[in-house]
Amino acid sequence: MLLDLTTHLGRISLKNPVLVASGTFGYGEEYAELIDLNQLGGIITKSVTLKPREGSFPPRLTETPAGMLNAIGLENPGVELFLKEKLPFLSQFDTKIIVNIAGEKEDEFCQVAEKLSKAKTIDALEVNLSCPNLRRGGYILGKDPEVVFSLIQTLKRVTDLPLLAKLTAAVSEPTEIARAAEEAGAEALSLINTLPGMAINIQTRRPRLGNITGGLSGPAIRPIAVRVVWEVARAVRIPILGMGGIMKGDDALEFILAGASAVAVGTANFVDPTTPGQTIKQIENYLKKNKIRRFRELIGKVET
Ligand SMILES: Cc1cc2nc3c(=O)[nH]c(=O)nc-3n(C[C@H](O)[C@H](O)[C@H](O)COP(=O)(O)O)c2cc1C
């Protein structure tokens, strides 16, 4: 059976539904030595800000049961160096390039978006409205539906690139924020970012992260992520990119049945960089086994 794995996130058409999540794949360079980047549906870059950022105090990562906590603090070279040194490398591959943008104020997001829009090889921007490691900026902005609406609407005035709004699940009503992003013109939603957490070393009585708190990712957050994707999918018409603890094809399929049009592999890239490729194969096997030719027929097909 000839399978059709294609899917869409708004105007972005993907050859298959498996991407890699922001911050877990750098700018592709290190991973290109380990896997064939052409097999990916898309690559989402680490967040890019206007100026270079050094990030948080170390330690920046700590393992937790079924996951990890991180507080990288959006370390990145800044938009100018990204365009000069990182984008040309990524652009040689046959995969969609989605650049994740972050900032502390609306104006910073807009300046980054404007600069990126001049590049010819970027397919979309993912707007980070949910990083729990920023005391100012995206995370706080992303908790208020009115602010999300205004930010996406303003961004749409400065860029023609499709916008994916990356939202937090650390709010009581993720659907309200999702609707605000949709009404403002986001073409797709990325759900979910890490959830705020904390771990303490009881011997030293010190927090395990230099930043004190961090973002929890990995299988520990998957049931929350699947639930949020399911709730939001019923509240909006735009497509959803699902993520949170995907370690294999079965996990990805949960998100797809819950309503995600595509998925992103995050923390699993640190454990085994071949996870995205294996996930694609496992989705193919599931389709064959169930005699489904078009991947898209599976989206949202959970039977409740
Ligand atoms: C080390 C690390 C760094 C991350 N950096 C970013 C980032 O820069 N921007 C962003 O939007 N999300 C970032 N994320 C969140 C991931 O893209 C993803 O939303 C989250 O980790 C859930 O997926 P996972 O459980 O599969 O990792 C980061 C996650 C990790 C683990």
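One can find the structure itself at the top, above this paragraph.
Residues numbered from 1 in each chain as written. Predicted model: local features only at pLDDT ≥ 70, side-chain atom pairs only at ≥ 80, totals over all residues.

Enquirer: When you look at the overall build of the protein in this model, what are you seeing that I'm missing?
Expert: Helices and strands together make up the secondary structure of the protein, namely 10 helices and 16 strands. Expressed as a percentage of its 304 residues, the buried residues of the protein come to 50%. Counting contacts in the protein only where the partners sit at least 6 residues apart, residues at least 24 apart contribute 72% of the total. (Helix = DSSP H or I, 4+ residues; strand = E, 2+ residues; numbered from the N terminus. Buried ≥ 20, exposed ≤ 12 C-beta atoms within 10 Å, placed from the backbone. Contact = placed C-beta atoms within 7 Å.)

Enquirer: Hey, could you run me through unusual backbone geometry in this one?
Expert: Outside of glycine, negative phi angles account for most residues, and trans bonds account for most peptide bonds. Each neighbour pair has its own omega, and for Pro-58 with Pro-59 the value is -10 degrees, a cis peptide bond. Looking at the secondary structure, you find Pro-59 in the loop between strand S4 (42–44) and strand S5 (61–64). Of the consecutive residues Leu-191 and Ile-192, the connecting peptide bond is found in the cis state with omega at 10 degrees. Here Ile-192 lies in the loop between strand S10 (188–191) and strand S11 (195–198).

Enquirer: Can you walk me through the site of the ligand in this structure?
Expert: The immediate surroundings of the ligand are formed by 24 residues, with Ala-21, Gly-23, Ser-217, Gly-266 and Thr-267 found nearest. Classifying every residue of the shell around the ligand gives 7 nonpolar, 15 polar and 2 charged. (Near = placed C-beta within 6 Å. Nonpolar A, V, L, I, M, F, W, Y, C, P; charged D, E, K, R; others polar.)

Enquirer: Could you clarify how one ought to interpret the pairing of S10 in this entry?
Expert: On a regular strand, each side chain points to the face opposite its neighbour's, so the side chains alternate between the two faces of the sheet. Burial along S10 is two-sided: the face carrying Ala-188 and Ser-190 and the face carrying Leu-189 and Leu-191 are both buried. Pairing between strand S9 (residues 163–166) and S10: 3 bridges, direction parallel. Across the sheet, residue Ala-165 finds its bridge partner in S10, namely Leu-189. Once you follow S9 into helix H6 (residues 174–184) and on to S10, the crossover reads as right-handed. (Pairing = 2+ DSSP bridges. Right-handed = clockwise from strand over helix to strand, strands pointing away.)

Enquirer: What am I meant to see in the packing of helix H8 (residues 249–258) against helix H10 (residues 275–289) here?
Expert: To characterise two packed helices, one gives the angle between the axes of the helices and the distance between these axes. Where H8 contacts H10, the axes come no closer than 8 Å and their chain directions differ by 65 degrees. Classified by the angle between their axes, H8 and H10 sit roughly perpendicular to one another. The two elements H8 and H10 meet at a crossing, and its hand is right-handed. Of the residues in H10, those touching H8 at Gly-249, Asp-250, Ala-252 and Leu-253 are Thr-279, Gln-282, Ile-283 and Tyr-286. Classifying every residue of the contact of H8 with H10 by side-chain character gives 4 nonpolar, 3 polar and 1 charged. (Axes fitted to C-alpha atoms, helices over the stretch in contact; angles between N-to-C directions. Parallel < 35°, antiparallel > 145°, perpendicular 65-115°, else oblique. Left-handed = near helix turned anticlockwise from the far one by under 90°.)

Enquirer: Looking at this structure, how should I read the sheet that holds S5?
Expert: Backbone-to-backbone hydrogen bonds pair the strands of a sheet. The strands run either parallel or antiparallel. Pairing within the open sheet is antiparallel, and its 4 strands lie in the order S5-S6-S14-S11. Two strands close off the open sheet at either side, each with one partner strand: S5 and S11. Ignoring which end each strand starts from, the neighbouring axes of this sheet average 40 degrees apart. Pairing of S5 with strand S6 (residues 67–70), which is carried by 4 bridges, proceeds in the antiparallel orientation. When the sheet's bridge partners are listed, Glu-63 is paired in S6 with Met-68.

Enquirer: Explain the sheet that holds strand S15 (residues 240–243) here, please?
Expert: Pairing in this closed barrel of 8 strands is parallel, and the strands run S3-S4-S7-S8-S9-S10-S15-S16 around the ring. For this sheet, the mean angle separating the axes of adjacent strands, direction not counted, is 25 degrees.

Enquirer: Sorry if this is basic, but what is going on with the packing of helix H5 (residues 145–158) against H6 here?
Expert: Two elements in contact, H5 and H6, have axes separated by 8 Å at closest approach and are oriented at 25 degrees. By the angle class used here, H5 and H6 are roughly parallel. At the point where H5 passes H6, the crossing takes the right-handed sense. On the side of H5, the interface is formed by Pro-145, Val-148, Phe-149, Ile-152 and Gln-153, while H6 contributes Glu-176, Ile-177, Ala-180, Ala-181, Glu-183 and Ala-184. Looking at the contact of H5 with H6 residue by residue, the class counts come to 8 nonpolar, 1 polar and 2 charged.

Enquirer: I would appreciate a short explanation of H5 in the present structure.
Expert: Structural remark: α-helix, 3.6 residues per turn; residues separated by three or four positions point the same way. Compared with the 20 Å implied by 1.5 Å per residue over 14 residues, the 20 Å span of H5 between its first and last C-alpha is a close match. Of the positions making up H5, those classed as buried are Val-148, Leu-151, Ile-152 and Leu-155. On an axial view of H5, the arc spanned by its buried residues comes to 95 degrees, and they lie on one face. What points out from H5, more than 90 degrees from its buried face, is the exposed set Glu-146 and Arg-157. (Expected span 1.5 Å × (residues − 1). Arc of directions from axis to C-beta.)

Enquirer: I would appreciate a short explanation of the nonpolar core in the present structure.
Expert: The tendency in soluble globular proteins is for nonpolar side chains to be buried as a group. Core analysis: the biggest nonpolar cluster contains 88 residues, and Leu-164, Ala-165, Leu-189, Val-229, Leu-241 and Val-263 have the highest contact counts within it. Per element, the largest residue contribution to this core is 7 residues, and it comes from helix H7 (residues 222–235). Ignoring any residue separated from it by four or fewer positions in sequence, one finds Ala-165 in contact with Val-127, Leu-129, Val-148, Ile-152, Ala-181, Ala-186, Leu-189 and Ser-190. (Core = buried A, V, L, I, M, F, W, Y, C linked by C-beta atoms within 7 Å.)

The values are spatial; any link to function lies outside them.
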